[in-house]
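Residue-level structure breakdown
Here is how the chains run, residue by residue.
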Amino acid sequence: QVQLVESGGGLVQAGSSLRLSCAASGRTFRNYAMGWFRQAPGKEREAVAAINGSGGRTYYVDSVKGRFTISRDNAKNTVYLQMNSLKPEDTAVYYCAARSSWYATLDSYEYNYWGQGTQVTVSS
């Protein structure tokens, strides 16, 4: 069982930066691929980024490439999402998720554990 707790959301202006953190419980964090997903009001949940167990391979949805960076610190059981050049369309609840596999994917149905989410609001 893995428990995930996100933090770092907030209200910012367009062009600003935020860093989201997701702290995971458990002693085998490195065995889990991690992903960040988001859901805006009235829209379906969408993938943002994913990272494999070692942190050596990352994946991004096209809309955030070059602006967002996913990383992880396995010693701290934490995954991060650095978000730069934020846009109003990035406004959503952001969720981190853990997949019971070392290999990452952007398919949300492959993830087994989910955090409660953190709100990110970007004003224009």
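Calculation rules
- Residues numbered from 1 in each chain as written.
- Predicted model: local features only at pLDDT ≥ 70, side-chain atom pairs only at ≥ 80, totals over all residues.
- Heavy atoms only, no water.
- Buried < 20%, exposed > 50% of the residue type's maximum accessible area, 1.4 Å probe, protein only.
- Helix = DSSP H or I, 4+ residues; strand = E, 2+ residues; numbered from the N terminus.
- Pairing = 2+ DSSP bridges.
- Core = buried A, V, L, I, M, F, W, Y, C linked by side-chain atoms within 4.5 Å.
- Contact = heavy atoms within 4.5 Å.
- Disulfide = S-S within 2.5 Å.
- Salt bridge = Lys/Arg side-chain N within 4 Å of Asp/Glu carboxyl O.

Within strand β5 (residues 46-51), 5 of the 6 residues are buried, which leaves it mostly tucked inside the rest of the structure. For strand β4 (residues 33-39) and β5, the ladder comprises 5 bridges, and the chain directions are antiparallel. Note that in β5 the partner of F37 across the bridge is A47. As consecutive antiparallel partners, β4 and β5 are separated by 6 residues, and within that stretch G42 has a phi angle of approximately 75°, a positive value. Direction of pairing for β5 relative to strand β6 (residues 58-60): antiparallel, over a ladder of 3 bridges. From the neighbouring strand, I51 faces β6, where its bridge partner is T58. In this structure, the hairpin formed by β5 and β6 is closed by a connection of 6 residues, where G55 is found at a positive phi of approximately 85°.

Okay, the nonpolar core next. Residues L4, M34, W36, L81, M83 and Y94 are the most contacted members of the largest nonpolar core, which totals 30 residues. Broken down by secondary-structure element, the contributors of at least two residues to this core are β3 (18-24), β4, β5, β7 (68-73), β8 (78-83), β9 (92-99) and β11 (118-123). When near neighbours in sequence (up to four residues on either side) are disregarded, M34 contacts L4, C22, F29, A49, A50, I51, I70, R72, V79, A97, A98 and Y111. Counting residues in each nonpolar core, the second largest holds 7 residues, with A33, A50, A104 and Y111 among its members.

Such a bond, covalent and formed between the sulfur atoms of two cysteines, is termed a disulfide. Tallied over the full model, the rule gives 1 disulfide. Two residues, C22 and C96, share a disulfide whose sulfurs are 1.9 Å apart. A residue pair is termed long-range when its members are at least 10 positions apart, and C22 in strand β3 and C96 in strand β9 qualify at 74 residues. The pair formed by C22 and C96 is uniform in burial state, with each residue classed as buried.

As a further point, take unusual backbone geometry. With phi around 55°, N77 is a residue other than glycine that occupies positive phi space. Counting through the fold element by element, N77 comes out in the loop between β7 and β8. Phi at S85 is positive, roughly 50°, even though this residue is not glycine. Residue position: S85 is located in the loop between β8 and β9. Among the residues examined, S85 registers a relative accessible area of 40% and is labelled partly exposed.

Moving on to the pattern of salt bridges. Opposite charge on two side chains makes pairing possible when the charged atoms of those side chains draw close. All chains considered together, the criterion is met by 5 salt bridges. Ionic pairing is found between E46 and R38, a salt bridge with its closest N-O pair at 2.6 Å. On the basis of relative accessibility, which here comes to 5%, the residue R38 falls in the buried class. Among the charged side chains, a network of salt bridges with common partners joins R38, E46, R67 and D90.

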